[in-house]
Amino acid sequence: MYYSVMANLGLVLVHGRSHAGDCWDPTVAELARQSPELQVLAVDLPGRRSAPGDLATLTIKACVDGVVAQIEAAGMDRVVIVGLGADRVARMVLVSCCIPPEGKTVIDTLAGPLRYIARRRARTGGISKPMSTRTANYFFCNGMSPDQRDVTLSHLYPDVDGAR
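Conventions we followed
Residues numbered from 1 in each chain as written. Predicted model: local features only at pLDDT ≥ 70, side-chain atom pairs only at ≥ 80, totals over all residues. Heavy atoms only, no water. Buried < 20%, exposed > 50% of the residue type's maximum accessible area, 1.4 Å probe, protein only. Helix = DSSP H or I, 4+ residues; strand = E, 2+ residues; numbered from the N terminus. Pairing = 2+ DSSP bridges. Core = buried A, V, L, I, M, F, W, Y, C linked by side-chain atoms within 4.5 Å. Contact = heavy atoms within 4.5 Å.

This brings us to the pairing of strand 3 (residues 79-82). Going residue by residue along strand 3, you find Val-79 and Ile-81 tucked away on one face and Val-80 and Val-82 tucked away on the opposite face as well. Here strand 1 (residues 10-14) runs beside strand 3; their pairing, made up of 4 bridges, is parallel. Bridging across to strand 3, Leu-11 finds its partner in Val-80.

Moving on to the environment of Glu-102. Position of Glu-102 relative to the elements: it lies in the loop between strand 4 (89-93) and helix 4 (112-124). Glu-102 gets classed as exposed once you look at its relative accessible area, which sits at 71%. C-alpha separation for the pair Glu-102 and Thr-59, spaced 43 residues apart in sequence, amounts to 8.0 Å.

As a further point, take the nonpolar core. Counting 12 residues, the largest nonpolar core is built from Val-12, Val-14, Leu-41, Val-43, Leu-45, Leu-58, Cys-63, Val-67, Ile-71, Met-76, Val-79 and Ile-81. Listed by contribution, the elements that provide at least two residues to this core are strand 1, strand 2 (39-43), helix 3 (60-73) and strand 3. Per-element tally for this core: the top contributor is helix 3, with 3 residues. Setting aside anything within four residues of it in sequence, one finds Leu-58 in contact with Pro-46, Cys-63, Lys-104, Thr-105 and Val-106. Core analysis: the next-biggest nonpolar cluster, separate from the first, contains 7 residues, Leu-9, Leu-11, Leu-13 and Trp-24 among them.

Quick look at the structure:
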């Protein structure tokens, strides 16, 4: 039954904070091994690797528009999205996502000094360093094997890529 539901659907993987599409590489490899016919796309949100963006003004709409553009460029018609959605989404799986309220930015979801620091760095064009390994381990790696933790921690990216 799973395959009949998935027939004609593509799978789009959307990363979280401090990562980019390549954090899904082990998952993509395993999906290709188990279901070579499944079309899989691991996208970069604005401000990561190949996707220009500005954390100071990043909104849900900008993220959705960026994901939709990558889906269209890949020629996918109907998709299941793991992380973030759009009109053509048949199913959506949210895994530890931070989604700001409509009209707010990702920075608006931060608290206290983190919000101040991120907003200041974004305004001044400063590129923040990736999250420290210790902090990333705390937030992302609970219950992971050492190999899974190594992969996760090796795919950390700065919060702003400097593209404006």
